[in-house]
Amino acid sequence: SQQGEEDPQALSIQEGENATMNCSYKTSINNLQWYRQNSGRGLVHLILIRSNEREKHSGRLRVTLDTSKKSSSLLITASRAADTASYFCATEGWGKLQFGAGTQVVVTP
Amino acid sequence: GAGVSQSPSNKVTEKGKDVELRCDPISGHTALYWYRQRLGQGLEFLIYFQGNSAPDKSGLPSDRFSAERTGESVSTLTIQRTQQEDSAVYLCASSPYFGNEQFFGPGTRLTVL
């Protein structure tokens, strides 16, 4: 069964715009991770946020975590065509990652 | 350095045959994970190995699925008597230690006819 649920399922934006996607989960976690998957590079780890953290930045990425609401968001600022991919949140508990179904992001030039 | 590698990259087999998938983790990574991804879906956890501890097999969908790992190196995932619903991409990942970010291999695309 899937732990994380991403929203929206699909997102289409133009280059330069920001993209925001959300993830909700059900059980307690040690950390929450975001991954990107595209056909060219497989599944790539983007960022990890621990359960005692509320916000984290990495380059153009900003992740928030609200453990009281069991939700997380991923913001990609100033999007580029190369950001076109599927984005997955994954919750970590007892070593296992449980993935959501992903958000498909298309960035058009 | 070398990333996680998997072989074969593609496997087509007939229903009822056994298949063996291989994963070479990043050297020094103590944790190794197997996932399955069906078309258009997220990853489904299958099994993980952490050092010399007993593996967590809680995600294996049936007793037709099994996996082994030799020390902290190569792992093989075996599917016996394959069924059409086993068709998916099987992904392997490794991690320096338990609970950290995971580094994924390119996957093995399995097609059961």
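Predicted, not measured: the structure shown is a model, and the values here were computed from it.

The rules we used
Residues numbered from 1 in each chain as written. Chains lettered and ligands numbered in written order. Predicted model: local features only at pLDDT ≥ 70, side-chain atom pairs only at ≥ 80, totals over all residues. Heavy atoms only, no water. Salt bridge = Lys/Arg side-chain N within 4 Å of Asp/Glu carboxyl O. Buried < 20%, exposed > 50% of the residue type's maximum accessible area, 1.4 Å probe, protein only. Helix = DSSP H or I, 4+ residues; strand = E, 2+ residues; numbered from the N terminus. Pairing = 2+ DSSP bridges.

Trainee: Outline the pattern of salt bridges, listing residues and values.
Mentor: Taken as a whole and judged by the stated rule, the model has 9 salt bridges over all chains. Glu53(A) is the salt-bridge partner of Lys56(A), the closest N and O atoms lying 3.9 Å from each other. Given a relative accessible area of 28%, Lys56(A) falls into the partly exposed group. Judged by relative accessible area, which is 25%, Glu53(A) ranks as partly exposed. When the shortest N-O distance is used, the salt bridge between Arg64(B) and Asp86(B) registers 2.8 Å. Taken together, the residues span a long stretch of sequence, with Arg64(B) in the loop between β5 (43-50) and β6 (65-69) and Asp86(B) in the loop between β7 (75-79) and β8 (88-95) at a distance of 22 residues. For Asp86(B), a relative accessible area of 1% translates into the label buried. Taken together, the shared-partner salt bridges in this structure form one network comprising Arg36(B), Arg38(B) and Glu44(B).

Trainee: Can you explain unusual backbone geometry? Please cite residues and give values.
Mentor: Here the residue pair Asp7(A) and Pro8(A) is connected by a cis peptide bond, since its omega of 0 degrees sits within 30 degrees of zero. Tracing the sequence through the fold places Pro8(A) in the loop between β1 (5-7) and β2 (10-14). Of the consecutive residues Ser7(B) and Pro8(B), the connecting peptide bond is found in the cis state with omega at -10 degrees. Notably, Lys70(A) is not glycine yet its phi reads approximately 50 degrees, a positive angle. Counting through the fold element by element, Lys70(A) comes out in the loop between β7 (61-66) and β8 (71-76). The phi angle at Ala78(A) is positive, at roughly 45 degrees, despite the residue not being glycine. Relative to the assigned elements, Ala78(A) resides in the loop between β8 and β9 (85-93).

Trainee: Give me the pairing of β7(A): which residues, what numbers.
Mentor: Looking along a regular strand, one sees the side chains alternate between the two faces of the sheet. Residues and elements named next belong to chain A. Where strand β6 (residues 55-58) meets β7, 4 bridges bridge the pair, whose relative direction is antiparallel. Each residue of the ladder has a partner; that of Glu55, found in β7, is Thr64. As judged from the 6 bridges shared by β7 and β8, these two strands associate in the antiparallel manner. Looking at β8, one finds that Asp66 is bridged to Ser71. The loop that links β7 with its antiparallel partner β8 comprises 4 residues; one of these, Lys70, has a positive phi angle of about 50 degrees.

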